[in-house]
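Survey of secondary and tertiary structure
This is what each chain is made of:
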Amino acid sequence: MSDTDSTSQSDTLRTPIVAVLGHVDHGKTSLLDKIRGSAVSDGEAGAITQHIGATAVPLETVSQMAGSLVKPEDFDLPGLLFIDTPGHHSFSTLRSRGGALADIAILVVDVNDSFQPQTEEAIDILKRTGTPFIVAANKIDTTPGWNPQEGEPIQKSYEAQSKRARSKLDEKLYEIIGELSDMGFSSDFYWRVQNFQSNIGVVPVSALTGEGIPDLLGVLMGLSQRYMKDEMAIDVAGPGSGTVLEVKEERGFGATLDVVLYDGTIRAGDTVVVGGANDPIVTEVRALLQPRPNAEIRTEKRFDKVDSVRAAAGVKIAAPDLEDAMAGAPVRVVGDRDIDEVIREVEAELADIEVTTEEEG
Ligand code: GDP
């Protein structure tokens, strides 16, 4: 028997789900890659696990990356789950019981480019779904005269800069703060923010040098712990609930679902109800698949079968009759509940998603 879970906290609290949004080329992929890369190079203790459509970074690893900014003893959330959202439209259809699938979001803004159409689009979606977010002001290393401080917290990085470089960067950051204000959000450098519920924290980062990443992780953990702990307290052993990220054909498995599980547990053999193009699909989980460790996540074609998965996590579900399943649709484990009730739940949620998608045209 494999013991994959050594953190007792995760028996009662689930991992917050983090989405990364922003204009194309502002650095979403680089930022996630940097977080994954540093987690891997920071050694064995609680190394990250790559999921289908998501990356789990346990508290221990967050803490190693963030140094003094995240002391493990101050937290009882098990870590962070970063989801790979392919685009804004998919983000807005990714829901969990009517709310947003992501508990919190990072809005990536290139300091040289400031707000662009997709930045504003992302903000509108975050506003509409009521998703709390922080701003990662990215590419600070491109500031003229910048003296890069690999992987350091932003304070230390600032101290190493010339007065001129610092004020150049500040100028760009104030531009972002101004844009946010135009969109109805008050914001400030994150270290000056007292109340993150009424103020957006702006975190200067470089996805290239890793500067400011400790701060970004620290703010994410701090916010989650402070404002979301109640929402994270779920019945992890209960019947699983998830959202379909993608429906994918896999050799040997047929149509499969890439799912983010946000509640409970799913097991091989479970009966599940999935939202379909016509009627809800009732099927039995044939296999739960995770990418093999250390494999390149984007080109990964080989999977390990696992017996069960608990929230929050990404997982691929292989089951018969999934051809008509839809991205954004709910997935529910029936468990010992009345199946008709679960079907009605899925139908109600599907109706909600269809309305949202139509609104977006
Ligand atoms: P995405 O479209 O938002 O996912 O953006 P990418 O992560 O693909 O980044 C777009 C380009 O910006 C790539 O060429 C990256 O190497 C570059 N880039 C991203 N982050 C940084 C950064 O912090 N500093 C610098 N100098 N370049 C960056």
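Going by the structure above, here's the rest.
What comes next concerns the included structure.

Strand pairing in a sheet takes place through backbone hydrogen bonds and is either antiparallel or parallel in direction. Spatial ordering of the open sheet is given by E2-E3-E4-E1-E7-E8-E10-E9, a layout of eight strands whose pairing is mixed. The open sheet has two edge strands, strand E2 (49–51) and strand E9 (187–189), and neither has a second partner. For this sheet, the mean inter-axis angle between neighbouring strands, taken without regard to orientation, is 25°. Pairing analysis gives six bridges linking strand E7 (residues 104–110) to strand E8 (residues 133–138), with the strands arranged parallel. Paired with Asp110 across the strands is Asn138, a residue of E8. Relative to E9, helix H6 (residues 163–182) is tilted by about 160°, and along the sheet it contacts E7, E8, E9 and strand E10 (200–204). Sheet contacts for helix H7 (residues 213–227): strand E1 (17–22), strand E4 (79–83), E7, E8 and E10; angle to E4, the most-contacted strand, approximately 110°.

Here the focus is helix H4 (residues 117–129). End to end, H4 covers 19 Å across 13 residues, agreeing with the expected 18 Å (1.5 Å per residue, within 8%). At the exit of H4 stands Gly130, carrying a positive phi of roughly 65°.

Glancing now at the site of the ligand. Surveying the vicinity of the ligand reveals 15 residues, the closest of which are Asp25, Thr29, Ser30, Asp141 and Ala207. A distance of 2.8 Å separates an oxygen atom of the ligand from a polar atom in the backbone of Lys28. At 3.3 Å from an oxygen atom of the ligand is found a side-chain nitrogen or oxygen belonging to Ser206. In the complex, 71% of the free accessible area of the ligand, which totals 580 Å², lies under the protein chains. No other element matches the three residues that helix H1 (residues 28–41) contributes to the shell around the ligand. Partitioned by chemical class, the residues of the shell around the ligand number three nonpolar, eight polar and four charged.

Quick look at the packing of helix H2 (residues 59–66) against H7 now. Packed helices, taken two at a time, are described by the angle between their axes plus the distance between the axes. At a closest axis distance of 8 Å, the pairing of H2 and H7 adopts a crossing angle of 140°. Relative to H7, H2 is oriented oblique. Viewed along their axes, H2 and H7 form a crossing whose handedness is left-handed. Residues Leu59, Val62, Met65 and Ala66 of H2 touch H7, and the partners they reach there are Pro214, Leu217 and Met221. Among the residues forming the contact of H2 with H7, the class breakdown is seven nonpolar, no polar and no charged.

What follows covers the environment of Leu81. Structurally, the position occupied by Leu81 is in strand E4. Linking Leu81 and Thr55, residues 26 residues apart in sequence, is a C-alpha distance of 5.6 Å. Ignoring sequence-local partners within four residues, the contact set of Leu81 consists of Thr15, Pro16, Ile17, Val18, His51, Ala54, Thr55, Ala56, Val260, Ala312, Ala313 and Gly314.

Now for the sheet that holds strand E14 (residues 271–274). Here eight strands make up an open sheet; going across it, the order is E15-E14-E20-E11-E12-E19-E16-E17 and the pairing antiparallel. Only two strands of the sheet have a single partner each, and these edge strands are strand E15 (281–284) and strand E17 (303–306). Geometrically, the sheet is characterised by an average inter-axis angle of 40° between neighbouring strands, direction not taken into account. Both strand E12 (residues 254–263) and strand E19 (residues 313–318) contribute to a ladder of six bridges, which runs antiparallel. Along E19, the bridge assignment pairs Asp258 with Lys316.

A separate point is the packing of aromatic side chains. One pass over the full model with this rule turns up five aromatic pairs. Between Phe189 and Trp191 the ring centres are 5.2 Å apart and the planes differ by 15°, which places this aromatic pair in the stacked class. The exposure class of Trp191 is partly exposed, given its relative accessible area of 35%. Grouped by ring-pair contacts, the aromatic residues Tyr158, Tyr174, Phe189, Tyr190 and Trp191 constitute a single cluster.

Right, let's get into H6. With 20 residues, H6 should cover 28 Å at 1.5 Å per step; its first-to-last C-alpha distance of 28 Å lies within 8% of that length. Three or more residues of H6 are buried, namely Ala165, Leu169, Lys172, Leu173, Ile176, Ile177 and Leu180. Burial along H6 is one-sided: seen end-on, the buried residues are contained in an arc of 145°. Away from the buried face of H6 by more than 90 degrees, exposed residues Lys163, Arg164, Glu171 and Asp182 are located. Taken together, the buried residues of H6 touch E7, H4, E8, helix H5 (154–159), E9 and E10. In the stretch just after H6, Gly184 is the one whose phi turns positive, near 90°.

Basis of the calculations
- Residues numbered from 1 in each chain as written.
- Predicted model: local features only at pLDDT ≥ 70, side-chain atom pairs only at ≥ 80, totals over all residues.
- Heavy atoms only, no water.
- Pairing = 2+ DSSP bridges.
- Helix = DSSP H or I, 4+ residues; strand = E, 2+ residues; numbered from the N terminus.
- Axes fitted to C-alpha atoms, helices over the stretch in contact; angles between N-to-C directions.
- Contact = heavy atoms within 4.5 Å.
- Expected span 1.5 Å × (residues − 1).
- Near = heavy atom within 4 Å.
- Polar contact = N/O pair within 3.5 Å; in protein donor to acceptor, adjacent residues only side chain to side chain.
- Areas by Shrake-Rupley, 256 points an atom, 1.4 Å probe, with all protein chains shown as cover.
- Nonpolar A, V, L, I, M, F, W, Y, C, P; charged D, E, K, R; others polar.
- Parallel < 35°, antiparallel > 145°, perpendicular 65-115°, else oblique.
- Left-handed = near helix turned anticlockwise from the far one by under 90°.
- Phe/Tyr/Trp six-rings, centres within 6.5 Å; stacked < 30°, edge-to-face > 60°.
- Buried < 20%, exposed > 50% of the residue type's maximum accessible area, 1.4 Å probe, protein only.
- Arc of directions from axis to C-beta.

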